[in-house]
Each structure stands twice: as C-alpha cells, then as structure tokens.
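# Examination of the molecular architecture
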Amino acid sequence: MIGERRIVLEPRDVPLGGVRGMNVLRLLPHRNLPTIGAWCFLDRFGPADTRMRVEPHPHIGLQTVTWPLVGEIRHRDALGSDVDLRRGQLNLMTAGNGISHSEYSVGDDPVPLDALQFWVVLPETARHGAGGFEQHTELPGVRLPALDGADAAATVVLGEFAGITSPASVHTPIVGAEVVVAAGSTVRLPLHADWEHGVMLVEGDAVVSQHPMELNDMLYLGDERDAVEVSSANGALLFLLGGEPFESEIVMWWNFAARTHEEIVEARDDWEAASDRFGTVEGHDVRIPAPPLPDVRLMPRGRKI
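Residues numbered from 1 in each chain as written. Predicted model: local features only at pLDDT ≥ 70, side-chain atom pairs only at ≥ 80, totals over all residues. Heavy atoms only, no water.

## What to know about the pattern of salt bridges
As a reminder of what qualifies: The working definition used for a salt bridge is a side-chain nitrogen of Lys or Arg within 4 Å of a carboxyl oxygen of Asp or Glu. To qualify as a helix, a DSSP run of H or I must reach at least 4 residues; to qualify as a strand, a run of E must reach at least 2; elements of each kind are numbered from the N terminus. Relative accessibility under 20% of the residue-type maximum defines a buried residue, over 50% an exposed one, and the middle range a partly exposed one, all with a 1.4 Å probe and only protein chains included.
For the structure shown, the criterion picks out 13 salt bridges. Here Arg-86 makes a salt bridge to Glu-72, at a shortest N to O gap of 3.0 Å. Of the two residues, Arg-86 is situated in the loop between β8 (82–85) and β9 (90–94) and Glu-72 in the loop between β6 (62–70) and β7 (73–77); the sequence distance between them amounts to 14 residues. On the accessibility criterion, Arg-86 (36% relative accessible area) is partly exposed.

## Some remarks on the pairing of strand β19 (residues 196–204)
What counts is decided by this rule: Two strands pair if DSSP finds at least two bridges between them.
The buried fraction of β19 is high, at 7 of 9 residues. Note that β19 and strand β24 (residues 236–243) share 8 bridges and pair antiparallel. What sits directly across from Val-199, in β24, is Leu-240. For β19 and strand β22 (residues 218–222), the ladder comprises 4 bridges, and the chain directions are antiparallel. By the bridge assignment, Val-199 is partnered in β22 with Leu-219.

Here it is as structure tokens:
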C-alpha cells in the first residue's frame, strides 16, 4: 500500500515555445511521482489573453482530457472531428496505437483562455487499439452534504465519484471530479480506500486534510483513505483526481506514453515519415515536428513517493 500521507506537489512553469508559443503550469508528471492512478500528465494553460495555435501533433498510448475553465477551444483530429469546447464540457480523445490532433483558440485575436489538460495512460488492453474521440456536453453532478455551512457541488468528469459515473469512456478504475466548495463551508469528499488520490486547488482558498493549500498546488493523499475533509473561508474550486495505482511503469517522451525506448523511437519515426499511423488533420498546412531524441536510452520514471 502507498500509505496515508500528505505530500504537496508544486507546479513548475514550462515554456512550450515554438509554434505553440505558450507557457503552462505543469503538475504531473512530478519528478518523484509519475502517475496518480492512471493520470500521468496535468497542465494548466492560463489564465491569460492568448491566441492559441497548437498545430497537428501525435499521441500514442494515452487519452487526452481537456477541461476548459474560461474561453473556447477548437479541436480537430485525424478521425474527422471538428468541435468547439467550452466551460462545463469535456473533450476526451483516445490515442490507442496512434492519432493526431490540433487545438486552437476560437477567433483570430487573443482571447481570455484558461483550461486544465490531462493525460490518462492506457493499460495493455487498450493502448494498441484504434483511436477515438468523444465530446460530452452534459456531465452528471452530485451534491456533497456539508459538515458546516453549505453543501458542495461536484461534477463527475471522468470515472466514478460518490456513486455517480461519468458517461466518458475509461479503461482503468479512475476518478476525475471538479468540486465547488462554498465560502465558510466544510465538506468530506468520499474516496476509494484502495485508490490513490490528489486534490488540486484551481481557484479560491482551501484547507485539505488540515493542510492550507496554495493556488495551483496539488496535495497528494496516497491511499488508505475513505474520505478527505475540505474547508474554505471564501470559496474554492478544486479538482480531485485518482484511481487504482497503475499496473506498470511507463516511458513518457514528448506526446507519447509507451513501455519501452524502442516503442518511442518507432512512433517518432512514423510521425516524421508522415505514415498512415497518425492520420491527417484536415485544414492545416503545417504540423509540429518531433524533437530530436536524447542521446541516452529512455527509461521508465520510477516512483519515489
């Protein structure tokens, strides 16, 4: 068992540069913690006034989970999907053996934009399969009775939380839920005791498991908990993620999640060769080239927590 613990994961500023031209705050993977359940990546881009232009790029072995906070994002992919995404809606793209997509802010001028983007690593049973895309414009909600003050409201984005299940497709036992805690309230978030969990403070102020949170920090809770207590003086927006500890170590590089160095090399070569593996995103004249591989063998990121 991972054990009942509280460890703060602080975000780091990552300049994406190049044709993306954006800075993001990255919480996962952490140098000591590559995954929380099957969640292997978490970026926050924004809040900022920006003109986002993320040209077509490839993925393997994972699902991308896009959860906007402010603004609209246009998603196009090699399956022919072309949708706009806004607050309260979920884009879920399953890469499987290979897929490519692009993401633009809507309009030609800089606009207010803020969003969370996650990756969920796929298990052996799904990582070699076909790609897929889902947009969910309505997601289930649940009210959490307050210990003090007003009840909290949660949106179940992915997986299962408090007995409510999201309609989005998942391949491992998992939870992703947005939780709104009212000012002056204290609530208990129910957890699966055999899963590991983390709680991110997205907006406002919060004390989680007696730990005062800083904005954009994540409190890693380990496992062996059936609930965690959250309070807020002025109101808070949090994101809870977790799941069953992932089955195996993974090798992550660029936009790929694999198990071996050789799988990464093959995927990179296929993208650079414009193979049919990743398809074509219509409406684009350019795409993001793969960066050079390091001169060392890529190895799994071991857990140190």
